[in-house]
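One letter stands for each residue in the lines below.
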Amino acid sequence: MDISTKRTKLRDRLSGYWRMEVGNAVIIPLAVLFVAKMSESPLGLLTWLSFLPMCALLLLGGLYWRGKLRSLDGDARPLDTSLAIADKSQLALGFASVLALLAALCAWVWPWLSVSLGDRIAATICSLLAVLEYVNYYHRQLQHFDHAADFRRLIAGQGFRRAQMAGDLARLRSRS
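Being a predicted model, the structure only gives us computed values, none of them experimental. (Residues numbered from 1 in each chain as written. Predicted model: local features only at pLDDT ≥ 70, side-chain atom pairs only at ≥ 80, totals over all residues. Heavy atoms only, no water.)

Draft legend 1. Molecular detail of the overall build of the protein chain. Each helix and strand in the protein chain was counted, giving 6 helices and 0 strands. Secondary structure of the protein chain in N-to-C order comes out as α-α-α-α-α-α. A total of 176 residues make up the protein chain; the buried ones form 40% of that total. For the protein chain, the exposed surface amounts to about 10,200 Å²; the carbon and sulfur share of it is 68%. (Helix = DSSP H or I, 4+ residues; strand = E, 2+ residues; numbered from the N terminus. Buried < 20%, exposed > 50% of the residue type's maximum accessible area, 1.4 Å probe, protein only. Areas by Shrake-Rupley, 256 points an atom, 1.4 Å probe, with all protein chains shown as cover.)

And the structure:
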């Protein structure tokens, strides 16, 4: 496979990644709201707070992948911007994700912390997604189903590889 074909395939993958992440930041909360409405299960502060780190991480992921795509075309500014944002917000996003998950788990022990069973379910799912997205971007790549080489590597027992953004952040931090 020649370099032009590889570049085109990479561009196509990155184009899908950033759109998927930004789309999920909108679709997931809307889906949760729809299911809650259809099941007549009110959502409370617990769910709304779990939306914050989840959506922030999904949007950051979209910004990052869009920056990677733009850097393929020679414009590194969007990637630099997304990495600067990721660097400055890492601690806050990690803290907010863990706090949201702990709050959701506490609501299972003390149900009065939520307004309904649906609130507990939604908050648990969304906060767990936030923690997984945090790990996926800042530490280890968890997504291996969309790229054959990554999936083969995982199946071969080589484990999860370092997250792409984690490597880019390490390079950014080493320049500082």
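Following the structure, the description resumes.
Draft legend 2. Expanded view of the nonpolar core. If you look at the biggest cluster of nonpolar residues, it comprises 30 residues, and the most contacted ones within it are Met54, Tyr64, Trp65, Leu83, Tyr138, Met165 and Leu169. Only α1 (3–38), α2 (45–72), α3 (77–109), α4 (117–138) and α6 (164–175) provide two or more residues apiece to this core. Counting residues per element, this core draws most heavily on α2, at 10 residues. Leave out the neighbours within four places in its chain, and Met54 touches Ile28, Pro29, Cys126, Leu129 and Ala130. (Core = buried A, V, L, I, M, F, W, Y, C linked by side-chain atoms within 4.5 Å. Contact = heavy atoms within 4.5 Å.)

Draft legend 3. Region of interest: the packing of aromatic side chains. Enumeration over the complete set of coordinates arrives at 4 aromatic pairs. With 5.3 Å between their ring centres and 80° between their planes, Trp48 and Phe51 make a pair best called edge-to-face. Placement of the pair is Trp48 and Phe51 together in helix α2, with a separation of 3 residues, close to one helical turn. Taking relative accessible area as the criterion, Trp48 reaches 42% and is therefore assigned partly exposed. We classify Phe51 as buried; its relative accessible area is 6%. Ring centres of Tyr64 and Trp65 lie 4.9 Å apart, and the angle between their planes is 65°; on these two criteria the pair is classed as edge-to-face. The class of Trp65 is buried, set by a relative accessible area of 14%. Aromatic ring contacts, followed pair by pair, group Tyr17, Tyr64 and Trp65 into a single cluster. (Phe/Tyr/Trp six-rings, centres within 6.5 Å; stacked < 30°, edge-to-face > 60°.)

Draft legend 4. Representation of α1. In a regular helix each residue adds 1.5 Å, so 36 residues correspond to 52 Å; α1 covers 50 Å between its end C-alpha atoms and thus fits that length. At Asn24, α1 is bent by approximately 35°, the largest bend along its length. Of the residues making up α1, those classed as buried are Leu14, Ser15, Tyr17, Trp18, Glu21, Ala25, Pro29, Val32 and Ala36. In this structure, the buried residues of α1 make contact with α2 and α4. Glu40 lies just past α1 and shows a positive phi near 55°. (Expected span 1.5 Å × (residues − 1). Bend = angle between axes of the 7 residues up to and from the residue.)

Draft legend 5. A look at the environment of Leu129. Checked against the element boundaries, Leu129 lands in helix α4. Spatially, the C-alpha atoms of Leu129 and Pro53 are 9.2 Å apart, while their sequence positions differ by 76 residues. Not counting chain neighbours up to four residues away, the residues in contact with Leu129 comprise Ile28 and Met54.

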